[in-house]
Amino acid sequence: MNAPRTMFEKIWSSHAVREEPDEAAILYIDLHLVHEVTSPQAFEGLRMSGRKVRRPDKTFATMDHNVPTSDRSLPILDQIAAKQIETLETNCREFGVTLYDLNSPDQGIVHVIGPELGLTQPGRTIVCGDSHTSTHGAFGALAFGIGTSEVEHVLATQCLQQQRPKTFRIAIEGGLQEGVTAKDIILNIIRRIGTAGGAGHVIEYAGSTIRALSMEQRMTVCNMSIEGGARAGMIAPDETTYAYLEGRRFSPKGADWDAAVEYWKTLPSDDGADWDAELEIDAAEIAPQVTWGVNPGQTVDVGGAVPSPDDFDNPDDQKTAERALEYMDLTPGQQITDLKLDRVFIGSCTNSRISDLRAAANVVKGRKANADVRAMVVPGSQAVKRQAEAEGLDAVFRDAGFDWRESGCSMCLGMNPDTLAPGERCASSSNRNFEGRQGKGGRTHLVSPEMAAAAAIAGRFVDIRSWS
Amino acid sequence: MEPFVEHTGLAAPLDAANIDTDQIIPKQFLKRIERAGFGQFLFFDWRFKDDGSENPDFSLNEPQYRGASILIAGANFGCGSSREHAPWALLDYGFRVLIAPSFADIFRSNCYKNGILPIELSSEDAARLRRQAETRDGFQLTVNLPKQTVSDPDGKTYSFEMDSFRKEFLLKGLDDIGWTLQYERDIAEYEKKRDALPT
Ligand code: SF4
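Residues numbered from 1 in each chain as written. Chains lettered and ligands numbered in written order. Predicted model: local features only at pLDDT ≥ 70, side-chain atom pairs only at ≥ 80, totals over all residues. Heavy atoms only, no water.

This next bit is on the side chain of A:Thr157. Residues and elements named next belong to chain A. As for its position among the elements, Thr-157 is in helix H5 (residues 148-157). Looking at Thr-157, the relative accessible area reads 0%, which means it is buried. Within the structure, the side chain of Thr-157 is placed 3.0 Å from the backbone nitrogen of Cys-159, a separation counted as a polar contact. (Helix = DSSP H or I, 4+ residues; strand = E, 2+ residues; numbered from the N terminus. Buried < 20%, exposed > 50% of the residue type's maximum accessible area, 1.4 Å probe, protein only. Polar contact = N/O pair within 3.5 Å; in protein donor to acceptor, adjacent residues only side chain to side chain.)

Below you can see the structure in the form of structure tokens.
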């Protein structure tokens, strides 16, 4: 019998074109997703060296980071952004790459549309010039973010040079409390392992709590693996995965589907496989989470208080906490539920899928946003937007005074006009609370979409478990 | 890529852990389609005040660190976004060497691709070098890649670990794509098998 292997090892070894001691492996890439911000210099590199895209059929592009979320029929005012968008169009045309552009019914955040279209499949190696490529690991794929030089490398060779990472199994067991979401699970994990806790590792999320999550919730968990320092996060495929994928545009069909499912069933990690690191978490212990600082590890329970630098043992953490308190304009001991908000953002590749919008709408329904709060909802893709509108969710949000926008990254990183003003405090369903991430001087608190929605109504953070 | 063998230069301290790539180069500068010219935007929100003038409290703005080519920072340097604009900005500003207790994975690999050498030293050693850079005028370090050492002006030498494969690429300034394309036949063969699978 073969030695037990992890899912990561199975996918890795079936994609290693060449793996020799003292060399990086050459890893074959099944799917390459491309967006406007990290690709122009890569295409330019190809052009300068006279190279082609090796497999345009395995390369798909969209525009998401830069795009306005207002009326799509209006011209883009930001000239440099417009130029970058145009450049992607030109590059895709010249190199024969499929592009879901601003007028496409399939446009959306790259990590939302990959799964929607059925491009994201178990057992695949998936890369994109974007750190949240880890999202696609939710399907049992090996998916990770790369830099622009690597984008060029994949375009030219359909391969990457990679050092084999280590493996980290995180098991979450048991039932979640009512109101606690996938977002709280991953924020809680990062709080425990730290923002570098997963460095050099691929995380596999396992356990009964993970098995019980929907595909969209699993994507939320895997999405933020990079916030824990891990390049990739993955979850074993199962019936939930197959049910999600069946019938999607790029999913295998007919006999191919059956053969694919047979193959996918061989992927999960074997019992007794070796892990370089392991962690077990009791789901019942997880409360709704709120970040108080400037990295996603600086997180407390919603019922908790802003910590003091003295609460940390490590001098680096103390210094980071001091800086964070100053930037966030917080005082140790302040109750999280006393923090008043100016803005609410529901969107991003972490939490902008239809189930996120349904959950947020459910909180908002029949209520009005607090007069001091400006709230916006940005669907992850045009498909999510259409579905939400068909269900009347847009009306729920609009009636409550929320802004209902076109799809894109929007205020997750504020490359487009959607930004926080200096000093504004925002409850955000996105994934990064770095200084200035949502706008210079802006103060971001990461929460679940439900918590963000409730905060918009109350004007301050509330414990969603007591929301009725 | 320019080969990296030995480098002597002025060291500048940046005393913070978890410096993310959003700080190294903020998003508003990622819209450019060129590779060059990002140095002016390096650490933009820390380097400049709202009115566009230099922030005198930021270490790199202090006169003694002008022209520094070695940056000594805290742990988990370069975490967050995969933007290669971060190493482009560091390189364009003049940095060839980064010293920290640890680096984020994608950032480290992006540095290698641009001929920047990220060196991991223990927290104590990195902190000692940072303090010296803070207290001694014109504090220069010499980095020797073949020997994998950093030496201070007093002759004290620190060794660092380095993946032998990446070292070779840096020493010779090798082109990654060119290296992989030597194995084009293997790739084509693999591809044939892979394309026959249902997924
Ligand atoms: S939504 Fe935010 S995190 Fe996700 S791809 Fe866009 S900018 Fe990156």
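Before going further, it helps to spend a moment on the site of the ligand. All names here are of chain A. The ligand sits among His-65, Ile-109, His-111, Asp-130, His-132, Ser-348, Cys-349, Cys-409, Cys-412, Leu-413, Asn-431 and Arg-437. In this structure, the ligand is accommodated by the largest cavity. A breakdown of the residues in the shell around the ligand according to their chemical character gives five nonpolar, five polar and two charged. (Near = heavy atom within 4 Å. 1 Å grid on protein atoms, 1.4 Å probe; cavity = no way out; pocket = protein on both sides within 12 Å on 5 of 7 lines; lining within 4 Å. Sits in = over half its atoms within 2 Å of the grid points. Nonpolar A, V, L, I, M, F, W, Y, C, P; charged D, E, K, R; others polar.)

Before going further, it helps to examine unusual backbone geometry. Residues and elements named next belong to chain A. Even without being glycine, Gln-158 reaches a positive phi, approximately 60 degrees. Here Gln-158 shows up in the loop between H5 and strand S8 (159-162). With a phi angle near 85 degrees, Ser-348 is a residue other than glycine that sits in the positive phi range. Assignment of secondary structure puts Ser-348 in the loop between strand S15 (343-346) and helix H12 (354-364). A residue is classified by how much of its surface remains accessible, and Ser-348, at 0% relative accessible area, is buried.

Let's shift gears to the packing of helix H3 (residues 85-93) of chain B against helix H4 (residues 105-113) of chain B. The description of two helices packed together rests on the angle between their axes and the distance between the axes. All names here are of chain B. Two elements in contact, H3 and H4, have axes whose closest approach is 9 Å; the angle formed by their N-to-C orientations is 50 degrees. Judged by the angle between their axes, H3 and H4 are oblique. The hand of the H3/H4 crossing is right-handed. On H4, the residues touching Ala-86, Pro-87 and Leu-90 of H3 are Phe-107, Asn-110 and Cys-111. By residue class, the composition of the contact of H3 with H4 is five nonpolar, one polar and no charged. (Axes fitted to C-alpha atoms, helices over the stretch in contact; angles between N-to-C directions. Parallel < 35°, antiparallel > 145°, perpendicular 65-115°, else oblique. Left-handed = near helix turned anticlockwise from the far one by under 90°. Contact = heavy atoms within 4.5 Å.)

In this structure, the largest pocket occupies an estimated 990 Å³ of space. Looking at the largest pocket, it is lined by 34 residues, and the ones nearest its centre are A:Arg323, A:Glu326, A:Tyr327, A:Glu435 and B:Trp46. The set of elements that each furnish at least two residues to the lining of the largest pocket consists of helix H11 (315-328) of chain A together with strand S1 (6-14) and helix H2 (44-47) of chain B. Residues that form the lining of the largest pocket fall into these classes: 12 nonpolar, eight polar and 14 charged. Of the pockets and cavities examined, the second largest pocket occupies roughly 770 Å³. Contributing to the lining of the second largest pocket are 29 residues, with A:Gln163, A:Gly200, B:Asp105, B:Arg108 and B:Tyr112 lying nearest its centre. Of all the secondary structure elements, the ones that give two or more residues to the lining of the second largest pocket are helix H1 (7-15), strand S7 (142-145), S8 and strand S10 (201-206) of chain A together with H4 and strand S4 (117-120) of chain B. Here the lining of the second largest pocket gets five residues from one element, more than from any other, and that element is H4(B). (Points joined across faces, edges and corners; volume = space filled by probe spheres on them.)

Scanning the model with the defined rule gives five cavities of 30 Å³ or more in all. In this structure, the largest cavity encloses a volume near 240 Å³. Every residue lining the largest cavity is counted, 24 residues in all, and those nearest its centre are A:His65, A:Asp130, A:His132, A:Leu413 and A:Arg437. Among the residues making up the lining of the largest cavity, the classes are represented as eight nonpolar, 11 polar and five charged. Of the pockets and cavities examined, the second largest cavity occupies roughly 140 Å³. Every residue lining the second largest cavity is counted, 19 residues in all, and those nearest its centre are A:Thr195, A:Ile226, A:Gly229, B:Cys79 and B:Gly80. Grouping the amino acids of the lining of the second largest cavity by side-chain chemistry returns eight nonpolar, eight polar and three charged.

Grouped together as the largest cluster of nonpolar side chains are 88 residues, with contacts concentrated most on A:Phe402, B:Phe43, B:Phe77 and B:Leu90. With seven residues, the single largest contributor to this core is helix H15 (residues 449-458) of chain A. Aside from chain neighbours lying at most four places away, what touches A:Phe402 is A:Ile346, A:Val364, A:Ala369, A:Ala375, A:Val377, A:Phe397, A:Ala453, A:Ala456 and A:Ile457. Ranked by size, the runner-up nonpolar core spans 73 residues in total, among them A:Leu27, A:Ile203, A:Leu245 and A:Trp257. (Core = buried A, V, L, I, M, F, W, Y, C linked by side-chain atoms within 4.5 Å.)

If you trace the five strands from one edge of the open sheet to the other, you get S17-S16-S15-S18-S19 (chain A), paired in parallel fashion. A strand with exactly one partner marks an edge of an open sheet, and here the two such strands are strand S17 (403-404) and strand S19 (443-446) of chain A. (Pairing = 2+ DSSP bridges.)

With that settled, consider the interface of chain B and chain A. On the chain A side, the residues contacting the 58 residues of chain B number 75 residues. When chain B packs against chain A, close to 5,300 Å² is buried across both sides, 51% of that on carbon and sulfur atoms. Ranking the residues of chain B by area buried against chain A places B:Lys27, B:Lys31 and B:Ile33 at the top, with a combined share of 14%. Our count for the chain B to chain A interface comes out at 12 salt bridges. Residue A:Arg51 is joined to B:Asp175 by a salt bridge in which the shortest nitrogen-to-oxygen separation is 3.7 Å. Taken together, chain B and chain A are joined by 38 residue pairs in polar contact (both at pLDDT 80 or more). Here the element with the most residues in the side of chain B that touches chain A is helix H8 (residues 184-195) of chain B; it accounts for eight residues. The class makeup of the residues in the side of chain B that touches chain A is 19 nonpolar, 14 polar and 25 charged. (Buried area = accessible area lost by both parts, 1.4 Å probe. Salt bridge = Lys/Arg side-chain N within 4 Å of Asp/Glu carboxyl O.)

These figures come from the coordinates and say nothing about function on their own.
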